[in-house]
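# What the coordinates show
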Number of protein chains: 2
Amino acid sequence: MEGKVESLWEEVRELTLGTTVDRLQSPPTPLQFLRDFVSQSKPCIISNAISHWPALSLWSTPSYLATALSSSLVSLHLTPDGQADALVPHPSQSSLCFVSAHVQPTLFPQALDLIRLPPSHLVAYLQQQNDCFRTEYSELESDCDAHIPWASEALGCLPEAVNLWIGNHLSQTSFHKDHYENLYAVVSGEKHFLLLPPTDVHRMYIKEYPAARYSYSQENGEFRLEVEEPERYVPWSSVDPCPARASLKQESLKFPLYFNGPKPFEVTVKAGEVLYLPSMWFHHVRQSPGDGGCTIAVNYWYDMQFDIKYAYFNFLQSLPCRSIDDQTIPEGDSEDDSGPHASSNHLNSRFSGDESATNNVEIHKDRDNVEVHERTFVLDSSMFVWFF
Amino acid sequence: MEGKVESLWEEVRELTLGTTVDRLQSPPTPLQFLRDFVSQSKPCIISNAISHWPALSLWSTPSYLATALSSSLVSLHLTPDGQADALVPHPSQSSLCFVSAHVQPTLFPQALDLIRLPPSHLVAYLQQQNDCFRTEYSELESDCDAHIPWASEALGCLPEAVNLWIGNHLSQTSFHKDHYENLYAVVSGEKHFLLLPPTDVHRMYIKEYPAARYSYSQENGEFRLEVEEPERYVPWSSVDPCPARASLKQESLKFPLYFNGPKPFEVTVKAGEVLYLPSMWFHHVRQSPGDGGCTIAVNYWYDMQFDIKYAYFNFLQSLPCRSIDDQTIPEGDSEDDSGPHASSNHLNSRFSGDESATNNVEIHKDRDNVEVHERTFVLDSSMFVWFF
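A brief structural summary.

What counts and how
- Residues numbered from 1 in each chain as written.
- Chains lettered and ligands numbered in written order.
- Predicted model: local features only at pLDDT ≥ 70, side-chain atom pairs only at ≥ 80, totals over all residues.
- Heavy atoms only, no water.
- Phe/Tyr/Trp six-rings, centres within 6.5 Å; stacked < 30°, edge-to-face > 60°.
- Helix = DSSP H or I, 4+ residues; strand = E, 2+ residues; numbered from the N terminus.
- Buried < 20%, exposed > 50% of the residue type's maximum accessible area, 1.4 Å probe, protein only.
- 1 Å grid on protein atoms, 1.4 Å probe; cavity = no way out; pocket = protein on both sides within 12 Å on 5 of 7 lines; lining within 4 Å.
- Points joined across faces, edges and corners; volume = space filled by probe spheres on them.
- Nonpolar A, V, L, I, M, F, W, Y, C, P; charged D, E, K, R; others polar.
- Salt bridge = Lys/Arg side-chain N within 4 Å of Asp/Glu carboxyl O.
- Pairing = 2+ DSSP bridges.

### Some remarks on the packing of aromatic side chains
Residue and element names in this part refer to chain A. Taken as a whole and judged by the stated rule, the model has 35 aromatic pairs over all chains. Here the aromatic rings of F33 and Y276 are separated by 4.9 Å at their centres, their planes lie at 80 degrees, and the arrangement is edge-to-face. Of the two residues, F33 is situated in helix α2 (residues 30-38) and Y276 in strand β17 (residues 274-277); the sequence distance between them amounts to 243 residues. Look at F33 and you get buried, because its relative accessible area is 0%. Residue classification places Y276 among the buried residues on the basis of a relative accessible area of 0%.

Here it is as structure tokens:
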């Protein structure tokens, strides 16, 4: 691969990121955290930051959780295969669509059983990125800290949302990014992250996909895939970083910038550890269960700064990339609405209050759905040119 | 003007910079300074940060300085017109060259007289960006703080260089940038800055110019302009932001991205105030004398982080811009040595130790001289295309 964008991928690694994610054996001071990680948009893993949480010992015992939340109705996400907020074949076209899970209000003990002892026909995942830990799971609040003190001091604010995640090894989260500084604490089991910095946005092959949703019938135990009406498009990464062995070669040909570029940062976050995941970093997440039969994590979303880094990112993202088989720049391409102005609109919408963490059940998705993004890339070859 | 780079200039202002430089009425906490300014690459002016310095009252009295430094030999910079580190007509070609001042070791009291009461044939400026305050002017050290405490704590280090500047209204510093976080304290008189963020690099029309030097003859009081042998090239901004009225139109046609783009930030820093000038910001400086007949400032250079912002800057700078009259991309252009790899070399050279502040009398110039930069822009029209 050649060109200036490829050099950017290399340079950011040479200058600051290195090849592995830093590990701190104790919490940093707020100044150190801000200077060495947040300001530099650099992830790190912190040990011994949540050792005092009662959750660390209590939550590995399923009966403790089931008792604490015995009468709580929680939002259970159901899919046939553990892939929600992911790309699946479109039900009526020979293309892909972006599918969300069926969300089933469920009594917590029943939900936990479905996660720990998965039936063959569905995968259940407790995850609702709408500040759910402080709402649906408020009975557990005293088992954790309300925020990460050194992060709050560094960032100058309290978390805008705190989310709980309880899943099993079948659930994955596909590549995406969030407009938040993220402190991700694992309480039970392990989370396996693949991370790419914002500089690598073109390697994600972000493209608009029609939005769809699983509808699960409890009567016959079957999922129906329903495309949203009216049509809605979601910009999403086309890359599956862990394809089946048989399709790896084909995927590499379709997404050479991802598969032939610098390896993503691979990070396993164990129970008791906290990952700092900087805003705008792309992340793909898998998980391994702990002693209680599931993986449990709590993450804290803090407001990010929409600063010069964000402006640079939008600029980079606005630059087109096409295969040498399709060198014609469509008319008006340079004036499309995917440039920084579109992102300013996005920013405005974020600050308009209609996405506040406590009122919006789809805060995470909405964020990404209004995200600016590249036009469709046409990539039929492993040879590329960049149009600048 | 159109295009994605122009949108970047606008977006960084809309998102974070605004249209004026923030003013703080008291020193920020280290965390606030790091979070709100350094991390965001955003300048600010701080009042009441150096009120306790004895220098503020003492240095406006020329006799105090002349007595304190009565036997000090200092590096006096002499030019015919106050323009050093600036572009002037090449002595033997119909083009420009980059000229440095004649540096004359001079007893301080004599140097001060030349600044306060300038003769008609020369302009004298005491400025030596080699940590001179702690070397040539060490007798004055107790009149100031050795560092800016909240900045040192925020940045996690002590200044790499502290420089003293004593000049008059005739001296200007042309547009350039430094690879340092800069805390610039004015002690007497006023400094007038024009500032442009790193995102605006193309508006500076940085081009390589042959290096030259003034040689001043004390015998006949004349300056000779000598081009360096062997030839050496210095990347420097082609833009004079304050051209003579008669040539403004012509300059606007030559440098439309500068003159027709967003206005630079205009900042006057008065005696007793401190400017935080973020690394990589372009700055042009004029000055007005204080009561003692000269302008006096002390600046603290702190190491910058070579992080994702720096990588984005190098990427941006590597993108070519040419006039629509010259749309042919020269062969091999995308592979020239002005890309991020070249900047990595620069970084290596910075860390190689051959530019340490205490050993290198030309630390500032060397920094910029090895700077990566754009190839020559051909700009004969106010209409542009960007090549992406």
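### Quick notes on empty space enclosed by the protein
The tally for this structure, following the rule as stated, stands at 10 cavities of 30 Å³ or more. Of the volumes computed, that of the largest cavity is approximately 170 Å³. The wall of the largest cavity is formed by 20 residues, among which Q129, W165, T173, H176 and V285 of chain A lie closest to the centre. Among the secondary structure elements, those contributing two or more residues to the lining of the largest cavity are β8 (123-127), β10 (172-176), β11 (180-188), β18 (282-288) and β19 (295-303) of chain A. Examining the composition of the lining of the largest cavity, we find that four residues originate from one element, β10 of chain A, more than from any other. By volume, the second largest cavity is sized at about 130 Å³. A84, Y125, Q127, Q172 and T173 of chain B are the residues nearest the centre of the second largest cavity, which is lined by 17 residues in total. Counting residues per element, the ones that place at least two in the lining of the second largest cavity are β3 (73-79), β8 (123-127) and β10 (172-176) of chain B. Considering only residue class, the lining of the second largest cavity consists of five nonpolar, 11 polar and one charged.

### Section: the pattern of salt bridges
With the rule as written, the count across this model stands at 20 salt bridges over all chains. One salt bridge in this structure joins E273 of chain B and R23 of chain B, with 3.0 Å as the shortest N-O distance. Of the two residues, E273 of chain B sits in the loop between β16 (265-270) and β17 (274-277) while R23 of chain B sits in strand β1 (residues 22-24), which places them 250 residues apart along the sequence. The network of salt bridges with shared partners includes R13, D200 and R203 of chain A.

### Some points on the sheet that holds β18 of chain A
Residues and elements named next belong to chain A. The mixed open sheet is built from five strands, whose spatial order is β4-β10-β18-β12-β16. Each edge of the open sheet is held by one strand with a lone partner, namely β4 (83-84) and β16 (265-270). Two elements, β10 and β18, share two bridges in a ladder whose sense is antiparallel. By the bridge assignment for β18, T173 is matched with V285.

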